[in-house]
Number of protein chains: 2
Amino acid sequence: MNRPDTVPQITLGPLPASEKTYMPGRLHPIRVPLRRIATGEGAVTVYDSSGPYTEPDARIDIAAGLAPVRLPFARDRGEAETYPARAVTAADNGFAEGARLVPAFPLRPEPLRATAGRAITQLAYARAGIVTPEMEFAAIRENEGRTAAHSRDGEPFGAEIPDLVTPEFVRDEIAAGRAIIPANINHPELEPMVIGRAFKVKVNANIGNSAITSSMEEEVEKMVWAIRWGADTVMDLSTGRNIHNIRDWILRNAPVPIGTVPLYQALEKVGGVAEDLSWEVYRDTLIEQAEQGVDYFTIHAGLRRGMIGLTARRVTGIVSRGGSIMAKWCLHHGRESFLYERFEEICDICRAYDVSFSLGDGLRPGSIADANDEAQFAELRTLGELAQVAWAKDCQVMIEGPGHVPMHKIKANMDEQLKHCHEAPFYTLGPLTTDIAPGYDHITSAIGAAMIGWFGTAMLCYVTPKEHLGLPDRDDVKTGVVTYKLAAHAADLAKGHPGAQARDDALSRARFGFRWEDQFNLGLDPDTARAFHDETMPKAAHKEAQFCSMCGPKFCSMKISQDIRDAAAAEAGTCPNGLSPED
Amino acid sequence: MNRPDTVPQITLGPLPASEKTYMPGRLHPIRVPLRRIATGEGAVTVYDSSGPYTEPDARIDIAAGLAPVRLPFARDRGEAETYPARAVTAADNGFAEGARLVPAFPLRPEPLRATAGRAITQLAYARAGIVTPEMEFAAIRENEGRTAAHSRDGEPFGAEIPDLVTPEFVRDEIAAGRAIIPANINHPELEPMVIGRAFKVKVNANIGNSAITSSMEEEVEKMVWAIRWGADTVMDLSTGRNIHNIRDWILRNAPVPIGTVPLYQALEKVGGVAEDLSWEVYRDTLIEQAEQGVDYFTIHAGLRRGMIGLTARRVTGIVSRGGSIMAKWCLHHGRESFLYERFEEICDICRAYDVSFSLGDGLRPGSIADANDEAQFAELRTLGELAQVAWAKDCQVMIEGPGHVPMHKIKANMDEQLKHCHEAPFYTLGPLTTDIAPGYDHITSAIGAAMIGWFGTAMLCYVTPKEHLGLPDRDDVKTGVVTYKLAAHAADLAKGHPGAQARDDALSRARFGFRWEDQFNLGLDPDTARAFHDETMPKAAHKEAQFCSMCGPKFCSMKISQDIRDAAAAEAGTCPNGLSPED
């Protein structure tokens, strides 16, 4: 690649055999991206979260950021106004300076917030009966170009999944609190998407700089790489230095919702000493991040002081970072959590920018032994109370869930969540179904993720092979995303999502028809599929072979099966009884 | 490694921090291997299918084979006798000759078979109320050194899982047809194991030479490698040349049951032309393999001629190799399958050597679209009929299952199998829960495998990342086995297997206590876990660090949680109410 030094190494270009298509809105002037995969029997259209990076002629300049494809509805309506932003402080970047300071993003427009007295959240508009551009955008994406249902034989466990998603349906689900569109009005680069159990199961990928300083190119590329493989949202869990500036670079280049855990940055601002946290520092951090455009905040407001003792006999105590930080604060000060006490004030901030809540499960189980215990469920019930507080403030809410849960205890998590959190979308980390496979926890958790997705979880937070062991690298991120995409898809199939099976069927027809390239291209990871095939059958001609290296031509069941089909058709012509099961 | 050229490169030596221990029998002079993993809080004892290869001072000579640790019970009782073996023919090795012929295994003792009129199967003995050494051996393994149940909160779906497995319990399960011990009397190298839904879920790994000629060392090593990572049985699916000789090398060095699909070799003997198959060739192949010591045969006798038409509208037709071969034969000859018509004669052969049946699902679905269709279930009902025929002949039986099945249709597979196959053990391939992830089908299928294992499947046939794409290499085999071990373990946990959670708990305590080495060693793949940790924290001192690279010391929830526990204990001393949930 012959690039000038100033152009970052962002992965660009379409996936194999794929082209972007844009569908127009009916109600609003929007262009909704979808991906069309060309095959020998026509194109298959699929959801596309990858943003402009996969356009064939993508002109990406991360220092300019993506085009503001979304002009927030609230601004158009005159219900939001710009104002002078909070001043960036040295503490915002962990006091990084000189060569260690990641440069600020070049552009800094004034932030928007709701004009006084206005509720500008998607929930407020939905309740008012208004279909926003964000709702129509999300609705069109969900249908993946379909005009009818493909297959409807799943078990949705009470989720009411329509044949086709209309903008009005999205509105109604949001109004009911059963879905959210995370869409900060300060994130105009966003391609809006909807999270709720009546919709396709979504996948979140975590990225973060951790303790090691990274460049802005590297951080943007992490996000681009994750969405290339299908991540629907990305959480920036950076800690240490430069997190303000890195977040700006990510947001300005992010077509997907970006989530954060503001507590991490607040802790950095007080030198990493949990006891020194205060409402003032935390509140300042919320405003800082809301002005930047963060779409959803993980807030561990459900962990109350009185619950901490419930973890005393656990095998793995408190494994949530945010949860453990707040527990430490509560114990040190002998006080209730300020996140709980100040929750209405937090809602007021989120409401002004339409930052969605991801109410954090600080007491999620970190081991099979601790699954579904009283600590976990006490917090879950509190999260349900907080959801109602947030809804009263017109704030959008989802609820975070575990963690480590054996298979037979997964359904109870969903049932309890639906019951106590009033159908607010559930967003779970896995869950891991056993503790004994470090190095393979993307798989131990994909099992739990697919199941809980089937049962009704709206978004799955990915787990990479490095979970519990180290920082995921580029390959780990890809493995984690693809693993979770397949788990989410398995859940969509089992729920009876009306479009899900079309892709399976197209791939299986390609497989049965020995259309190898189509089989690769219809898969979640065409590159890996093709590379695996090349290992034993590298020649181009093998991509048209009527067999593969596994069985060879004599033993190819697909080949024989096609011969049988021909023979059976011939036999059926002369002797139909020979083919009946009563023979 | 400084080895002479004649010593094959077989992977030897214990897994990290592990030692073999042998438990004696109470009824029989047996020594049952278990693996003890040393940790900072004492040893954890686990099931061990790896055979003598993991002894610290293993003296392995593959040209001599393993010691005959099992002296078949029938021989001791004088109910089996040696006889001159069937002569090996050139066709047995696919007419390989000269340099292409893999040498015959050096030793060829006369085979054993039942004396006339005797039933020497484990089922016959169980029905007679006899506890064989094989039964006691298998029983002791199941308990993993436990003397009491560890945890019992699962949902077993009707499986009656005892706190401790006694030899008598194994006998009773076998007598009821609910379990099998695959143990050909000509496989004295075997360490017997039991397959049934009241026992730990087992994993099978497939190996095979396919079309490329391999050396005998390579083929033996494939088996040794698979059992090192936990495969409980191994199927040799070799085709092409040398399959007789390679099978001998594998069997004489195999401490686990070896399964085959005799149809593959029979097809080779007739030049790969399915239409030229005959009962005589097939029968000859059964005897050939039974004399060698194959422990279980996959036999696709349930695919009847009349069912073939039921596949005509499938998306992926017939995807079982054995199924497609037999379907082709039936259509060509316009006749019922000779496997079905001759099933009683097949039973007579299997009965004479105690070869167990793995009744093959030739009509398993090869795509989500074809799951649970009439073709599949018509065959399943026939397999249930055949199980009763086999039982009437004192033959042990398990039933093969799918395949590709979306999550919401998995339970029906188990329910139908239990109902129509009279609780004969179920042995499934996955099932894959979506078709759209070639390159990741170990994961799409681990989801289904874990679920169907929970519901009652007794053994899971692994799937590697190369499924549908190519031949698995060494890494793929390991990935497949470890993935299936974690799926089987997740199933054991969910069923409430009384010992399963002990290992999870030990690993989680190690994790919470920052005993990194223990965490690695208690995992299914210590090498990979350690390597992943080394990538970001390579120093030895990091293995005692009170944090890891993911969050760093300030954000380590485990560290904070331990601080909290200390603080909570202190606070509880002075202010217990501060820790109650009513606070």
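Rules used throughout
- Residues numbered from 1 in each chain as written.
- Chains lettered and ligands numbered in written order.
- Predicted model: local features only at pLDDT ≥ 70, side-chain atom pairs only at ≥ 80, totals over all residues.
- Heavy atoms only, no water.
- UniProt positions renumbered as here; feature names shortened; annotations may be inferred.
- Helix = DSSP H or I, 4+ residues; strand = E, 2+ residues; numbered from the N terminus.
- Rg over C-alpha atoms; globule rule 2.2 N^0.38 Å.
- Buried < 20%, exposed > 50% of the residue type's maximum accessible area, 1.4 Å probe, protein only.
- Contact = heavy atoms within 4.5 Å.
- Salt bridge = Lys/Arg side-chain N within 4 Å of Asp/Glu carboxyl O.
- Buried area = accessible area lost by both parts, 1.4 Å probe.
- Polar contact = N/O pair within 3.5 Å; in protein donor to acceptor, adjacent residues only side chain to side chain.
- Pairing = 2+ DSSP bridges.
- Axes fitted to C-alpha atoms, helices over the stretch in contact; angles between N-to-C directions.
- Least-squares fit on C-alpha atoms with pLDDT ≥ 70 in both.
- Phe/Tyr/Trp six-rings, centres within 6.5 Å; stacked < 30°, edge-to-face > 60°.
- Lys NZ or Arg CZ within 6 Å of the ring centre and 35° of its normal.
- Expected span 1.5 Å × (residues − 1).
- Core = buried A, V, L, I, M, F, W, Y, C linked by side-chain atoms within 4.5 Å.
- Parallel < 35°, antiparallel > 145°, perpendicular 65-115°, else oblique.
- Left-handed = near helix turned anticlockwise from the far one by under 90°.
- Nonpolar A, V, L, I, M, F, W, Y, C, P; charged D, E, K, R; others polar.
- pLDDT = per-residue confidence, 0-100.

- The name an unreviewed UniProt entry assigns to chain A is Phosphomethylpyrimidine synthase, from the organism Rhodovulum sulfidophilum.
- What UniProt states about chain A under its Function (unreviewed entry) heading is, verbatim, "Catalyzes the synthesis of the hydroxymethylpyrimidine phosphate (HMP-P) moiety of thiamine from aminoimidazole ribotide (AIR) in a radical S-adenosyl-L-methionine (SAM)-dependent reaction."
- On record in UniProt, under Catalytic activity (unreviewed entry), the comment for chain A is "5-amino-1-(5-phospho-beta-D-ribosyl)imidazole + S-adenosyl-L-methionine = 4-amino-2-methyl-5-(phosphooxymethyl)pyrimidine + CO + 5'-deoxyadenosine + formate + L-methionine + 3 H(+)".

1. Thoughts on the overall build of chain A
- When helices and strands are counted, chain A shows 19 helices and 15 strands.
- Over its C-alpha atoms chain A spans a radius of gyration of 25 Å, differing by no more than 12% from the 25 Å that the globule rule assigns to 583 residues.
- A principal-axis box enclosing the C-alpha atoms of chain A has dimensions of 85 × 55 × 45 Å.
- Every one of the 583 residues in chain A was classed for burial, and the buried ones make up 67%.
- Sequence separation of 24 or more characterises 75% of the internal contacts of chain A that already satisfy a separation of 6 or more.

2. Some remarks on the pattern of salt bridges
- Scanning the entire structure with this criterion turns up 90 salt bridges over all chains.
- Note that D153(B) and K409(A) form a salt bridge whose closest N and O atoms lie 2.6 Å from each other. Remark: K409(A) occurs in the loop between β13 (397-401) and α13 (410-420) and D153(B) occurs in the loop between α3 (133-143) and α4 (167-175); the pair is interchain, linking two chains.
- Between K466(B) and E535(A) there is a salt bridge, with its nearest N and O atoms 2.6 Å apart. With K466(B) in the loop between β15 (459-461) and α15 (474-495) and E535(A) in helix α18 (residues 526-536), this pair bridges two chains.
- A relative accessible area of 1% places K466(B) in the buried class.

3. Side note on the interface of chain B and chain A
- Of the residues lining the interface, 116 residues belong to chain B; the matching set on chain A comes to 116 residues.
- For the pair chain B and chain A, the summed buried surface comes to about 9700 Å²; carbon and sulfur atoms form 65% of the total.
- There are four salt bridges connecting chain B and chain A.
- Put simply, chain B and chain A have 18 residue pairs in polar contact (both at pLDDT 80 or more) between them.
- Elements with a contribution of two residues or more to the side of chain B that touches chain A: α7 (262-269), α9 (321-333), α14 (441-455), α15, α16 (500-512), α17 (516-522), α18 (526-536) and α19 (557-574) of chain B.

4. Remarks on the sheet that holds strand β1 (residues 18-24) of chain A
Residues and elements named next belong to chain A.
- Taken together, three strands build an open sheet; the order of strands is β1-β2-β3 and the sheet is antiparallel. A strand with exactly one partner marks an edge of an open sheet, and here the two such strands are β1 and β3 (44-46). On average, each strand axis in the sheet is inclined to that of its neighbour by 40°, with strand direction left out of account.
- In this structure, strand β2 (residues 31-37) lies alongside β3, joined through three bridges in antiparallel fashion. Bridging across to β3, R36 finds its partner in T45.

5. Digging into the relation of the copies chain B and chain A
- Of the transformation superimposing chain B on chain A, the axial component is 0.0 Å and the angular component is 180°, with the fit at an RMSD of 0.0 Å. Overall, the copies show the geometry of a two-fold rotation axis. Taking the C-alpha atom as reference, chain B places I447(B) closest to the rotation axis, 2.3 Å from it.
- Looking at the interface residues of chain B, 100% of them are also at the interface in chain A, so both copies use one shared face.

6. Digging into the side chain of K269(A)
- Take K269(A): it is sitting in helix α7 (residues 262-269).
- You can call K269(A) buried: its relative accessible area is 14%.

7. Considering unusual backbone geometry
Residue and element names in this part refer to chain A.
- The linkage connecting G430 with the following residue, P431, adopts the cis geometry, with an omega of 10°.
- Here P431 shows up in the loop between β14 (426-429) and α14 (441-455).
- Of note in this structure, E423 is not a glycine but carries a positive phi near 70°.
- Relative to the elements of secondary structure, E423 occurs in the loop between α13 and β14.
- Overall, E423 belongs to the partly exposed group, its relative accessible area being 28%.

8. Overview of the packing of aromatic side chains
- Overall, the coordinates contain 26 aromatic pairs over all chains when judged by the stated rule.
- Through successive ring pairs, a cluster of aromatic residues spans W279(A), Y282(A), W329(A) and F338(A).
- The aromatic ring of F455(B) is capped on one face by K411(B), whose charged end is 5.7 Å from the ring centroid.
- In this arrangement the basic side chain of K478(B) is found over the ring face of W229(B), its NZ or CZ atom lying 4.0 Å from the centre.

9. Looking at α16(B)
All names here are of chain B.
- With 13 residues, α16 extends 19 Å between its outermost C-alpha atoms, agreeing within 8% with the 18 Å of an ideal straight helix rising 1.5 Å per residue.
- Where burial is concerned, most of α16 is hidden: eleven out of the 13 residues are buried.
- All of the buried residues in α16 are A500, Q501, R503, D504, D505, A506, L507, S508, A510, R511 and F512.
- Positive phi appears at F514, one or two residues downstream of α16, with a value of about 55°.

10. Here we look at α9(B)
Residue and element names in this part refer to chain B.
- Over its 13 residues, α9 extends 19 Å from the first C-alpha to the last, a length consistent with the 18 Å expected when each residue adds 1.5 Å.
- Along α9, ten of the 13 residues are buried, which leaves the element largely enclosed by surrounding structure.
- Of the residues making up α9, those classed as buried are R321, G322, G323, S324, I325, M326, A327, W329, C330 and L331.
- The backbone nitrogen of G322 has a side-chain oxygen 3.4 Å away, supplied by the residue at the start of α9, namely S320.

11. A closer look at the environment of A500(A)
Residue and element names in this part refer to chain A.
- Among the structural elements, A500 can be located in helix α16 (residues 500-512).
- As a C-alpha pair, A500 and K200 span 300 residues in sequence and 8.6 Å in three-dimensional space.
- In this structure A500 touches H489, D492 and L493, once residues within four positions along its chain are discounted.

12. Observations regarding the nonpolar core
- The biggest cluster of nonpolar side chains holds 320 residues, and the ones touching the most others in it are M223(A), F357(A), M407(A), M223(B), F357(B) and M407(B).
- Excluding its chain neighbours within four sequence positions, the residues that come into contact with F357(B) are F297(B), I299(B), F343(B), I346(B), C347(B), C350(B), A390(B), C395(B), Q396(B), V397(B) and M398(B).

13. Focus on the pairing of β13(A)
All names here are of chain A.
- Within β13, five of the five residues are buried, which leaves the element mostly enclosed by the surrounding structure.
- Covered by surrounding structure in β13 are V397, I399 and G401 together with M398 and E400, the residues of both alternating faces.
- Alignment of strand β12 (residues 356-359) against β13, held across three bridges, turns out to be parallel. By the bridge assignment, L359 is partnered in β13 with I399.

14. What about the packing of helix α15 (residues 474-495) of chain A against α14(B)?
- Orientation of α15(A) relative to α14(B), taken along the N-to-C sense of each, is 45°, at an axis distance of 10 Å. On the basis of the axis angle, α15(A) is oblique to α14(B). With respect to the hand of their crossing, α15(A) and α14(B) are arranged in right-handed fashion. Taken together, the residues of α14(B) that come into contact with α15(A) (itself represented by T483(A), L486(A) and A487(A)) are I443(B), T444(B) and I447(B).
- For the contact of α15(A) with α14(B), the per-class residue count stands at four nonpolar, two polar and no charged.

15. Some points on the environment of P255(B)
Residues and elements named next belong to chain B.
- Structurally, P255 can be placed in the loop between α6 (243-252) and β10 (258-260).
- A sequence separation of 143 residues divides P255 from M398, and the C-alpha atoms of the two residues are 20 Å apart.
- Contact partners of P255, with chain neighbours within four places excluded, come to S50, G51, P52, Y53, L66, E189, L190, E191, M223 and I227.

16. Things to note about the pairing of β1(A)
All names here are of chain A.
- In this structure, β1 lies alongside β2, joined through seven bridges in antiparallel fashion. Bridging across to β2, P24 finds its partner in R31.
- Where β1 folds back onto β2 in an antiparallel hairpin, the turn is made up of six residues.

17. Remarks on the sheet that holds strand β1 (residues 18-24) of chain B
Residues and elements named next belong to chain B.
- Read across the sheet, three strands follow the order β1-β2-β3 without closing on themselves; strand pairing throughout is antiparallel. Each edge of the sheet is formed by a strand with only one pairing partner; in this case those strands are β1 and β3 (44-46). Taken over all neighbouring pairs, the strand axes of this sheet differ in orientation by 40° on average, direction set aside.
- The sheet contacts of α3 involve β1 and β2 (31-37), and relative to β2 the element is tilted by about 15°.

18. Some remarks on the UniProt feature "domain: ThiC-associated" (unreviewed entry) in chain A
- Feature annotation in UniProt places "domain: ThiC-associated" (unreviewed entry) on residues 14-81 of chain A, given in this structure's numbering.
- Annotation note: span residues 14-81 of chain A, helix share 6%, strand share 28%, distance between end C-alpha atoms 37 Å.

19. Considering the confidence of the model for chain A
Residue and element names in this part refer to chain A.
- Per-residue confidence for chain A averages 92 on the pLDDT scale, and 93% of its residues sit at or above 70.
- Low pLDDT, under 50, characterises residues 1-8; the stretch is placed with six contacts to residues that sit more than four places away or in other chains.
- A low-confidence stretch, residues 573-583 (pLDDT under 50), is modelled with 17 contacts involving residues beyond four sequence positions or located in other chains.
- Here the predicted complex scores 0.95 on pTM and 0.95 on ipTM.

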